[in-house]
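In case you want the letters, here they are:
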Amino acid sequence: MNERRASRTGAVAMVAVLAIGGAAAAADKKKKDYRAAAVEVMKASFQTKGQASVDRLNQDEVQTTCSQYNASKPVPKELARKLQEAQLATIQYPADGKYLGSWENGEKIAQTGVGKQFSDDPSKPAGGNCYACHQLSPKELSFGTIGPTLHQYGKLRGNTEPILKYTWGKLWNSHAFNACSDMPRFGHQGILTEEQLKDVMALLMDPESPVNK
């Protein structure tokens, strides 16, 4: 009697497990269907205009992977390591070996919030909009706090070759150092030109920059 009851209980448990697994698979499929439908709606209603082009709807491998994770579901450590290694290989350092441009221009770029929007003129460069996420110059009272403060960035770190390369790499492709970072991949995605990146570098590193005062 006990053996039959145990067997029956085990069978019921197995059915429950299969049911739960089936429900989870169905929910996952529905989620993917919704995502695919949403993408199709966006593609049907979106058109290239200004600096905003249709190809931005096509996610690369990193974006597709990162879309599966969030604050409550962080990227697994091993996957994060692989993503960072792959993105590190995409970084292109200055062809002339010079990292710093004009900090004055860098400040303008950091203050400029336009770029990659349908209302932006394609003939004009995009801005960095750095103050939306970071504190830089202490004279600017309006800044975001999504990212860490960059005030005295160069003064605290120095201008050694490793620091210059790291800072350039972070600007070029932030995912190389922090998988699924919220920071734009300014160089990798062509948001800023090499000359603009040099100017932002100067803003961060030049001793005469207000950032380092």
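Chemist: Please give an account of the environment of glycine 106 that cites residues and values.
Modeler: Within the secondary structure, glycine 106 sits in helix α4 (residues 103–111). Overall, the relative accessible area of 0% leaves glycine 106 in the buried class. With 95 residues separating them along the chain, glycine 106 and methionine 201 place their C-alpha atoms 7.3 Å apart. The contact partners of glycine 106, leaving out residues within four places of it in the chain, are Asp199, Val200 and Leu203.

Chemist: Describe the packing of aromatic side chains, with residues and values.
Modeler: All chains considered together, the criterion is met by 3 aromatic pairs. Where tyrosine 166 meets phenylalanine 177, the ring centres are 4.9 Å apart and the plane angle is 75°; that geometry is what we call edge-to-face. Of the two residues, tyrosine 166 sits in helix α6 (residues 161–172) while phenylalanine 177 sits in the loop between α6 and α7 (194–205), which places them 11 residues apart along the sequence. The interplanar angle of 20° and the centroid separation of 6.4 Å between the aromatic rings of tryptophan 168 and tryptophan 172 together place this pair among those described as stacked.

Chemist: Explain the nonpolar core to me, using residue names and the numbers behind them.
Modeler: In this structure, Leu136, Trp168, Leu171, Leu192, Leu197, Met201 and Leu204 are the most contacted members of the largest nonpolar core, which totals 26 residues. At the level of elements, α4, α6 and α7 are the ones that each hand at least two residues to this core. The biggest single contributor to this core is α7, with 6 residues. Ignoring sequence-local partners within four residues, the contact set of leucine 192 consists of Ile109, Ala126, Gly127, Gly128, Phe186, Gly187, Leu197 and Val200. Judged by nonpolar contacts, the second largest core, of 7 residues, contains Val62, Cys66, Val75 and Ala80.

Chemist: Explain the packing of α4 against α7 residue by residue, including any values.
Modeler: Between α4 and α7, the shortest axis-to-axis distance is 7 Å and the interhelical angle comes to 100°. Relative to α7, the element α4 is oriented roughly perpendicular. Note on element contacts: α7 touches α4 through Gln196, Asp199, Val200, Ala202 and Leu203, opposite Trp103, Asn105, Gly106, Glu107, Ile109 and Ala110. Tallied by class, the residues present in the contact of α4 with α7 amount to 6 nonpolar, 3 polar and 2 charged.

Chemist: Can you lay out unusual backbone geometry for me, pointing to particular residues and giving the numbers?
Modeler: At asparagine 129, a position not held by glycine, the phi torsion is positive, near 55°. By the secondary structure assignment, asparagine 129 is in the loop between α4 and α5 (153–157). The backbone of cysteine 180 sits at a positive phi, close to 65°, despite the residue not being glycine. By the secondary structure assignment, cysteine 180 is in the loop between α6 and α7.

Chemist: Could you give me a rundown of the side chain of glutamate 107, with the residues and numbers involved?
Modeler: Its place among the elements puts glutamate 107 in helix α4. No salt bridge is formed by the buried glutamate 107, whose closest oppositely charged neighbour, lysine 139, lies at an N-O distance of 9.1 Å. Discounting chain neighbours no more than four positions away, the residues touching glutamate 107 are Tyr131, Ser137 and Leu203.

Chemist: Quick one: what's the story with the pattern of salt bridges, residue by residue and with numbers?
Modeler: Counted under the stated rule, the structure contains 6 salt bridges. Here glutamate 78 makes a salt bridge to arginine 81, at a shortest N to O gap of 2.3 Å. Placement of both glutamate 78 and arginine 81 in helix α3 (residues 77–88) is noted, with a separation of 3 residues, approximately one turn of the helix. Among the ionic pairs, glutamate 194 bridges to lysine 198, the shortest N-O distance being 3.9 Å. With glutamate 194 and lysine 198 both in helix α7 and 4 residues apart, this pair spans about one turn of that helix.

Chemist: How would you summarise the state of the cysteines if you had to cite specific residues and measurements?
Modeler: Within this structure, the stated rule accounts for 1 disulfide. A sulfur-sulfur distance of 1.9 Å marks the disulfide that ties cysteine 66 to cysteine 180. Given an S-S torsion of about -85°, the disulfide between cysteine 66 and cysteine 180 has left-handed geometry. Taken together, the positions of cysteine 66 in helix α2 (residues 61–66) and cysteine 180 in the loop between α6 and α7 put the pair 114 residues apart, joining distant regions of the chain. Between cysteine 130, a free cysteine, and cysteine 133, which holds the nearest cysteine sulfur, the sulfur-to-sulfur gap is 8.6 Å.

What counts, and where the lines are drawn
Residues numbered from 1 in each chain as written. Predicted model: local features only at pLDDT ≥ 70, side-chain atom pairs only at ≥ 80, totals over all residues. Heavy atoms only, no water. Helix = DSSP H or I, 4+ residues; strand = E, 2+ residues; numbered from the N terminus. Buried < 20%, exposed > 50% of the residue type's maximum accessible area, 1.4 Å probe, protein only. Contact = heavy atoms within 4.5 Å. Phe/Tyr/Trp six-rings, centres within 6.5 Å; stacked < 30°, edge-to-face > 60°. Core = buried A, V, L, I, M, F, W, Y, C linked by side-chain atoms within 4.5 Å. Axes fitted to C-alpha atoms, helices over the stretch in contact; angles between N-to-C directions. Parallel < 35°, antiparallel > 145°, perpendicular 65-115°, else oblique. Nonpolar A, V, L, I, M, F, W, Y, C, P; charged D, E, K, R; others polar. Lys, Arg positive; Asp, Glu negative; His and termini not counted. Salt bridge = Lys/Arg side-chain N within 4 Å of Asp/Glu carboxyl O. Disulfide = S-S within 2.5 Å.

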